[in-house]
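# Remarks on the overall topology
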Amino acid sequence: MQRGEQKIEKLLLRKPNAGELRGLALSDVLQMQVDALVKLTPRLSSPALTEPEMRNLDPADLVQIGGAIAGFLLTKRAKGESV
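Throughout what follows, the structure given in this document is the object of discussion. Just so you know, these numbers come straight off a predicted model, no measurement behind them.

### Overview of unusual backbone geometry
Omega for the peptide link from Ser46 to Pro47 comes to 0°, which places this bond in the cis form. Within the element layout of this structure, Pro47 appears in the loop between strand 4 (45-46) and helix 3 (51-55). Of note, Met32 is a non-glycine position whose phi angle comes to about 55°, a positive value. Its location among the elements puts Met32 in the loop between helix 1 (26-30) and helix 2 (34-44). Its relative accessible area of 31% is what places Met32 among the partly exposed residues.

This is the structure in structure tokens:
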């Protein structure tokens, strides 16, 4: 992704806290609804992507980001890990 003269090749996502989920339905995030991901990702990403940048992402990249974020919200049991 190109941002001006800066090329963004790597995106770091961190686990959200409850406040960063405000205004979003958790079910929408877990189902990787585009609008939910477009709103939430800028709150969790470094460098912070803007909503317009999110809307211009390649769909494959959006799915990868959505999967990572959904993974943050699942319990170990739901992921099939031992508790």
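Text resumes after the structure shown.
### Focus: helix 2
One turn of an α-helix holds 3.6 residues; hence residues three or four places apart share an orientation. Buried within helix 2 we find Ala36, Leu37, Val38, Leu40, Thr41 and Leu44. For helix 2, the secondary structure elements touched by its buried residues are strand 3 (12-13), helix 1, strand 4, helix 3 and helix 4 (59-73).

### Focus on helix 4
For helix 4, which comprises 15 residues, the first-to-last C-alpha distance of 21 Å matches the rise-based estimate of 21 Å (1.5 Å per residue) to within 8%. The elements touched by buried residues of helix 4 are strand 3, helix 1, helix 2 and helix 3.

### Some words on the side chain of Ser45
Mapped onto the elements of the fold, Ser45 is located in strand 4. We classify Ser45 as buried; its relative accessible area is 8%. A polar contact of 3.1 Å, which involves the side chain of Ser45, links it to the backbone nitrogen of Leu49. Residues in contact with Ser45, not counting those within four places in the same chain, are Leu11, Leu12 and Leu13.

About the cut-offs
Residues numbered from 1 in each chain as written. Predicted model: local features only at pLDDT ≥ 70, side-chain atom pairs only at ≥ 80, totals over all residues. Heavy atoms only, no water. Helix = DSSP H or I, 4+ residues; strand = E, 2+ residues; numbered from the N terminus. Buried < 20%, exposed > 50% of the residue type's maximum accessible area, 1.4 Å probe, protein only. Contact = heavy atoms within 4.5 Å. Expected span 1.5 Å × (residues − 1). Polar contact = N/O pair within 3.5 Å; in protein donor to acceptor, adjacent residues only side chain to side chain.

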